Amino acid sequence: MGFFFDYLPLITVLSSGLIAILIMFIPESGSGLRTFVNLFAALFKIVLLSIMSYSIYYGESFSFRFKLFAGHDFLLVADPLAILFAILSALLWFITTIYAIGYLNASVDRRRFFAFFSLCVTCSIGVSFSGNLITFLIFYELLTLSTYPLVIHKGTDHVIRSGNIYLFYTLSGGVVLMLGTIFLASLTGDTTFSGGEILSSSYSESLRGYYQLLFWTLIIGVGVKAALFPFHGWLPIAMVAPAPVSALLHAVAVVKAGAFGVIRIVYDVFGVKLFADVLNLSSSLVILASFTILYGSVIALFQSDLKKRLAYSTVSQLSYITLGVAMAGPIASIGGVVHLVHQGLMKITLFFCAGNFAEVLGVKKVDKLDGLGRLMPVTSACFTIGALGMIGVPPTAGFISKWYLATGAIESHFQWVILVLIMSSFLNACYFIPIIYRLWFLKLDSCFESYDQSRVDFTEKKTSRWLLIPVISTAMLALLVGVFASLPFSPLYWAIFILMEIYLL
Amino acid sequence: MNSSTTFLNLDFVLLGTSLGLNHITLPFFLLSAFIWFVVFLYGHFYHSDDPNKFKMLAFLGATCFFNLLMVLSEDLVTFYASFTLMNFIATGLIIHQQGKEALKASQVYISLVIIGELLVLPALWFLVTESQSYLISDLREVFTSHEHKQLIGLLLFGGFAIKAGVFPLHVWLPLAHPVAPTPASSVLSGLLVKAAPLAWLQLFDFSSISLPSLGYFIIALGLFTAFYGALVGCFQIATKAALAYSTVSQMGVVTALVGSLLVFPDTVELLVPAILIYILHHGIVKTLLFLGDDLKDKVHGYWVKLYHLIYGLLLLSLSGLFLTTGFFAKEIAKSSLYVSEINGVDVFIMAFSLTSITTSALVFSIFRINMQGLHISSQYPERKWVWFSMIIIGPLLFISLLSAIDSSNIEFHFANVMMSFVMIILGALIAYVFSLWRLVLPQGDIVILYLFIVNKILSLKSKLQIQIERDYDFDLQEMLKNMTYYSGSSYSKAFSLFGLIIFSVLIYIISS
């Protein structure tokens, strides 16, 4: 393929990075221009990624490299897995930008916000295209640094304190990942993602302990962002961020970089064979993920703050990805990889909705949601779709992932995982069904008596269009990827395509 | 007999949707079509003054859509998806009138629905993993020879038993029916409970699967439900609650018949159509009974006598009065069972016949309550016309399906006819004795027990809530603060974490 095509990954990564710099130079008052630049860049990125995904499907490959330091390259590769995560990031970035424009309407420091917002997406695309662990590490660390200003955007004392906790967790995770990377480089001298070929070629029985140590070091490094127990503590605390940031943090940017890291480490650093058959790491990672799933759900049950409840739900849902990958069977892995997308779509919907409730009516507590289905029917309907998806009710996206995870668990002889999935669904139902029930079936709180209750306002005039359109589109996507799961180029289709390469089905 | 037609393949929907009909789903489809037609027609007039008419019709429409989709689906994923959505949406039917009782009923209902879904899911997962195909016809074969078929069978039975209202999971029926609007109750009782036998008949390949112990369990539970539901129903004061108990009891009979397919597999060829006939009979009669209950204060003049006559006949049809649908349904079931050569079939037939006594007791009790609350007015003539015309169409539908089955093995003994009269008279006597007791049992009987347990758990939860809400989570940072003397910048904490990791690494190396 031509010269231009090899530069495509770099262009895709850099496009939003350059936009970030451009936005820095747009004055605070130029919100119209900023909106245009932001949305244009997001669309441009989606177009680039679509071209790449189409070519990759027909067997093209893209890679870009330059020498970083002795023996180690800066390598960007676009493989199917990278494309999946990059498209998810780019798409949700586009939608979240629209939401953020509406959410931050007439607030201060928008220039800083949008610049770092773009930077954050640059890093997340960078994470997805990384072709070796060193490049991955660079973008992984940059991601931490670029999200920090977003988390502490409000700037109050409490927020700064929480932001520091966030930084403490994620930076420590980064340090451990760096340690792991150095460890890997000293073992093999090459950190390229090779489907495990490099590591398994230098494997010998005497190195078994080192390999296991290397694995756990790397997993802890990415596990902080993937919110694996006991490294999940930052996630609920980072809830102090503005709604669009928490939405992006929970759906793609930070947590997904962690989950994506787990996928990369298992498939591309170690390889399924080394991971499952030689080192027998499968069951211990499955146990860790299962525990996190149940732990997050149980704690979520006790949260009365809507955003906190969603945060603990994220802790639980993220481990589905780890679970699917850890079971090391083709079907279970499809479930894990596709959940990367499905969880993103559903969780971003839920956070947008929580943001809308807080922004329009000032409702943040679960027990204040009674009867809001009357006042904000569209937002409530979208919340319902997202929440049902989290429980795994058909035909939403969550149902498809859970179906693959469960059947995969049986296929990989992890029958007890079925019990975990069922208990997790039950707990999810325990903390989401009451919310749906409150929204639609309970009487409106007396503090909203000033609103006209006789008629249901389906147009939701009080909610700004900028806040409503993103919610509707993500909710629709979360529903449609479930209903039309078998269409070509659906997330499920693409996940099967990725796993076909890995397992050579 | 075992023919099926697929008429729509939608590969891109869900995991590949395929719609069609076979000899089992066809009667269900006809029953659904009839009941939805009646309910929409009646509901249109019933809700004519209701400000929330649109909402009600929307919920009814959505339930109807998923109900029909469930009947038509030939693949497991669509079947399960439409079953689940139908159940969830039906909550809106129960809660429509918004009172305290309606809220309680809907909460009990939705909790049981969720538990049912979660019981069914693992069974489906086990089947799908083995078969690599989503078609129900393929899954039946896999199920027959599956190594965990006991477990799968139990899960499938338990999960769908909630829908059928098998004891002790029947509590939602008597709670939901009195609070739901009448068209909704008639759908719940006439149609939605039938989803359970539909699922069982579709998923179990009764002729070759060998699960006798599960069969005995199902028969025992089904017969117990049949007697228990009828007896508790005799002590109700609301007609709709009593009718709900009648549904519990009748579905108990159907459940027992399904169980007998497992115990007496040599009857399958005849008994499956017999069960379908029974379901059809109950669906038609129960829908008309619920709607008729709404009509009781909306007739006047000589219509009152006609109304009483027909309502009484409909009720007696449940207990198998000669020449009613119930009589045919019961006799066909019995003569299909007589074919069996397996020990114990006589006992089962006897127990099955005896349910007619308690059923009769219940129908006389219902008739008594129905007579008590009679106000005579001539309002709402449209509902009257809908109901009386359906009284003619319903039995016609039944007869048309009756003619489709193989009747060579079916014999009607004069003794059976006499027996049915004797049982009805016995039932009437029991009902009379019960009416002297002046005992009233609460709607949903043992639900009190469940609510007690749930309230205990909730109070425990609220005690814990105060502690956990205060960010009482496994917080690494808090732990480190207590472990080390650093309490300054985040960097020092980062380093202390680093130390912790190095420490654990050392321990690991030493230990291995």
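Computed from a predicted model, the values in this text were never measured in an experiment.

Caption draft 1: Geometry of the overall build of chain B. Along its length, chain B carries 20 helices and two strands. For chain B, with 512 residues in total, the buried portion stands at 60%. Across chain B, every contact between residues at least 6 apart in sequence was considered, and the portion connecting residues at least 24 apart equals 80%. As displayed, chain B offers around 20800 Å² of accessible surface, 69% of which is attributable to carbon and sulfur atoms.

Caption draft 2: Highlighting the overall build of chain A. On a plain count of helices and strands, chain A comes out with 21 helices and two strands. For a compact globule of 505 residues, the expected C-alpha radius of gyration is about 23 Å, and chain A comes in at 22 Å, within 12% of that figure. On the principal axes, the C-alpha backbone points of chain A span a range of 75 × 55 × 45 Å. Put simply, 81% of the contacts in chain A that link residues at least 6 apart link residues at least 24 apart. Carbon and sulfur atoms make up 68% of the accessible area of chain A, which amounts to about 16400 Å² in all. A distance of 8 Å separates the average location of the 29 positive side-chain charges in chain A from that of its 24 negative side-chain charges.

Caption draft 3: Main features of the packing of aromatic side chains. Residues and elements named next belong to chain A. Per the counting criterion, the structure on display carries 67 aromatic pairs over all chains. Judged by centre distance (5.1 Å) and plane angle (75°), the ring pair of Tyr-203 and Tyr-211 falls under edge-to-face. Tyr-211 matches Tyr-203 in its accessibility class, with the two residues each being buried. Site record: aromatic cluster; members linked through ring pairs are Tyr-54, Tyr-57, Tyr-58, Phe-489, Tyr-493, Trp-494 and Phe-497.

Caption draft 4: Representation of unusual backbone geometry. Residues and elements named next belong to chain A. Cis rather than trans, the peptide bond between Phe-229 and Pro-230 has omega equal to 0°. Inspection of the secondary structure puts Pro-230 in the loop between α8 (208-223) and α9 (234-237). Looking along the chain, the bond that leaves Pro-394 and enters Pro-395 is cis, with omega of 0°. Summarising the element assignment, Pro-395 is placed in the loop between α17 (377-391) and α18 (397-411).

Caption draft 5: The arrangement of the packing of α17 of chain A against helix α19 (residues 416-441) of chain A in detail. Residue and element names in this part refer to chain A. α19 packs onto α17 with a crossing angle of 165° between their chain directions and a minimal axis gap of 9 Å. Compared by their axis directions, α17 and α19 come out roughly antiparallel. The way α17 lies across α19 gives a crossing that is left-handed. Residues Pro-377, Ser-380, Ala-381, Phe-383, Thr-384, Ala-387, Leu-388, Met-390 and Ile-391 of α17 lie in contact with α19, whose contacting residues are Ser-425, Asn-428, Ala-429, Phe-432, Ile-433, Ile-435, Ile-436, Leu-439 and Trp-440. Residues that form the contact of α17 with α19 fall into these classes: 14 nonpolar, four polar and no charged.

Caption draft 6: Molecular detail of the nonpolar core. Judged by nonpolar contacts, the single largest core of 380 residues is most densely connected at Phe-129 and Phe-270 of chain A together with Phe-204 and Trp-387 of chain B. Setting aside residues up to four positions removed in sequence, Phe-270 of chain A forms contacts with Gly-196, Leu-199, Tyr-211, Leu-214, Phe-215, Leu-218, Ile-265, Phe-275 and Leu-279 of chain A.

Caption draft 7: Examining the interface of chain A and chain B more closely. Taken together, the 57 residues of chain A in the interface contact 55 residues of chain B. Buried surface at the junction of chain A and chain B, summed over both partners, amounts to about 4900 Å²; 74% is from carbon and sulfur atoms. Put simply, chain A and chain B have zero salt bridges between them. Counting across the chain A and chain B interface gives five residue pairs in polar contact (both at pLDDT 80 or more). Of all the secondary structure elements, the ones that give two or more residues to the side of chain A that touches chain B are α6 (157-188), α8, α13 (282-301), α14 (306-326), α18, α19 and α20 (465-483) of chain A. Grouping the constituent residues of the side of chain A that touches chain B by class yields 40 nonpolar, twelve polar and five charged.

Caption draft 8: Summary view of the environment of Ile-410 of chain B. Residues and elements named next belong to chain B. Tracing the backbone through its elements, the reader meets Ile-410 in the loop between α16 (381-402) and α17 (414-437). A sequence separation of 136 residues divides Ile-410 from Ala-274, and the C-alpha atoms of the two residues are 10 Å apart. Excluding its chain neighbours within four sequence positions, the residues that come into contact with Ile-410 are Ile-332, Ser-335 and Ile-405.

Caption draft 9: Here's a closer look at the pattern of salt bridges. Residues and elements named next belong to chain A. According to the stated counting rule, one finds eight salt bridges over all chains in the structure shown. A salt bridge links Asp-79 to Arg-264, with the shortest nitrogen-to-oxygen separation between them at 3.0 Å. Taken together, the positions of Asp-79 in the loop between β2 (72-78) and α3 (80-103) and Arg-264 in helix α11 (residues 253-270) put the pair 185 residues apart, joining distant regions of the chain. The exposure class of Asp-79 is partly exposed, given its relative accessible area of 21%. A single salt-bridge network, built from bridges that share partners, covers Asp-79, Arg-264 and Asp-268.

Caption draft 10: The arrangement of the confidence of the model for chain B in detail. Residues and elements named next belong to chain B. Of all residues in chain B, 89% have pLDDT values of 70 or greater, and the mean over the chain is 84. Contacts for the low-pLDDT stretch residues 483-489, under 50 throughout, to residues beyond four places or in other chains number six contacts. The ipTM value of the predicted complex is 0.89, and its pTM value is 0.89.

Caption draft 11: Expanded view of the side chain of Thr-358 of chain B. In this structure, Thr-358 of chain B sits in helix α15 (residues 345-372). Sequence-distant contacts of Thr-358 of chain B, defined by excluding residues within four places in its chain, comprise Ala-226, Phe-227, Ala-230 and Leu-231 of chain B.

Caption draft 12: Layout of the pairing of strand β1 (residues 4-10) of chain B. Residue and element names in this part refer to chain B. Note that β1 and strand β2 (residues 17-22) share six bridges and pair antiparallel. Counterpart to Leu-10 in the pairing with β2 is Thr-17. Once β1 ends, the chain turns through six residues before running back antiparallel as β2, passing Leu-14 with a positive phi of about 50°.

Caption draft 13: How the structure looks around helix α11 (residues 239-263) of chain B. Under the 1.5 Å per step criterion, the end-to-end length of α11 of chain B is 36 Å for 25 residues, consistent within 8% with the ideal 36 Å. Judged by how many residues are buried, α11 of chain B sits mostly within the fold: 25 of 25 residues are covered.

Caption draft 14: Main features of the environment of Gly-389 of chain A. Structurally, the position occupied by Gly-389 of chain A is in helix α17. Leaving out residues up to four positions away in the same chain, Gly-389 of chain A has contacts with Met-346, Thr-396, Gly-398 and Phe-399 of chain A.

Caption draft 15: Representation of the environment of Tyr-216 of chain B within the structure. Residues and elements named next belong to chain B. Relative to the helices and strands, Tyr-216 resides in helix α10 (residues 212-233). By relative accessible area, Tyr-216 is classed as partly exposed at 48%. The spatial distance from the C-alpha of Tyr-216 to the C-alpha of Leu-19 is 34 Å, given a sequence separation of 197 residues.

Caption draft 16: Structural view of the side chain of Ser-32 of chain B. All names here are of chain B. By secondary structure assignment, the location of Ser-32 is in helix α1 (residues 25-46). Judged by relative accessible area, which is 2%, Ser-32 ranks as buried. Of note is the side chain of Ser-32, whose polar atom sits 3.2 Å from the side chain of Asn-67.

Caption draft 17: Structural detail: a nonpolar patch on the surface. All names here are of chain B. A surface patch of nonpolar side chains, amounting to about 960 Å² of accessible area, comprises Phe-322, Leu-323, Phe-414, Met-418, Met-419, Phe-421, Val-422, Ile-425, Leu-426 and Leu-429. On the secondary structure map, Phe-414 appears in helix α17. Under the relative-accessibility criterion, Phe-414 is labelled exposed at 63%.

Caption draft 18: The arrangement of the packing of helix α10 (residues 243-251) of chain A against helix α15 (residues 330-361) of chain A in detail. All names here are of chain A. Close contact between α10 and α15 brings their axes to 8 Å; oriented N to C, the two are set at 165°. In terms of axis orientation, α10 runs roughly antiparallel to α15. Judged by the twist between their axes, the crossing of α10 over α15 is right-handed. Listed contacts from α15 to Ala-243, Ser-246, Ala-247, Leu-248, His-250 and Ala-251 of α10 are Gln-343, Gly-344, Lys-347, Ile-348, Phe-351, Phe-352 and Gly-355. Along the lines of polarity and charge, the residues of the contact of α10 with α15 split into seven nonpolar, five polar and one charged.

What counts, and at which threshold
Residues numbered from 1 in each chain as written. Chains lettered and ligands numbered in written order. Predicted model: local features only at pLDDT ≥ 70, side-chain atom pairs only at ≥ 80, totals over all residues. Heavy atoms only, no water. Helix = DSSP H or I, 4+ residues; strand = E, 2+ residues; numbered from the N terminus. Buried < 20%, exposed > 50% of the residue type's maximum accessible area, 1.4 Å probe, protein only. Contact = heavy atoms within 4.5 Å. Areas by Shrake-Rupley, 256 points an atom, 1.4 Å probe, with all protein chains shown as cover. Rg over C-alpha atoms; globule rule 2.2 N^0.38 Å. Lys, Arg positive; Asp, Glu negative; His and termini not counted. Charge placed at Lys NZ, Arg CZ, Asp CG, Glu CD. Phe/Tyr/Trp six-rings, centres within 6.5 Å; stacked < 30°, edge-to-face > 60°. Axes fitted to C-alpha atoms, helices over the stretch in contact; angles between N-to-C directions. Parallel < 35°, antiparallel > 145°, perpendicular 65-115°, else oblique. Left-handed = near helix turned anticlockwise from the far one by under 90°. Nonpolar A, V, L, I, M, F, W, Y, C, P; charged D, E, K, R; others polar. Core = buried A, V, L, I, M, F, W, Y, C linked by side-chain atoms within 4.5 Å. Buried area = accessible area lost by both parts, 1.4 Å probe. Salt bridge = Lys/Arg side-chain N within 4 Å of Asp/Glu carboxyl O. Polar contact = N/O pair within 3.5 Å; in protein donor to acceptor, adjacent residues only side chain to side chain. pLDDT = per-residue confidence, 0-100. Pairing = 2+ DSSP bridges. Expected span 1.5 Å × (residues − 1). Patch = residues over 30% accessible without salt bridge, like charges linked within 9 Å, V, L, I, M, F, W, Y side chains within 5 Å.

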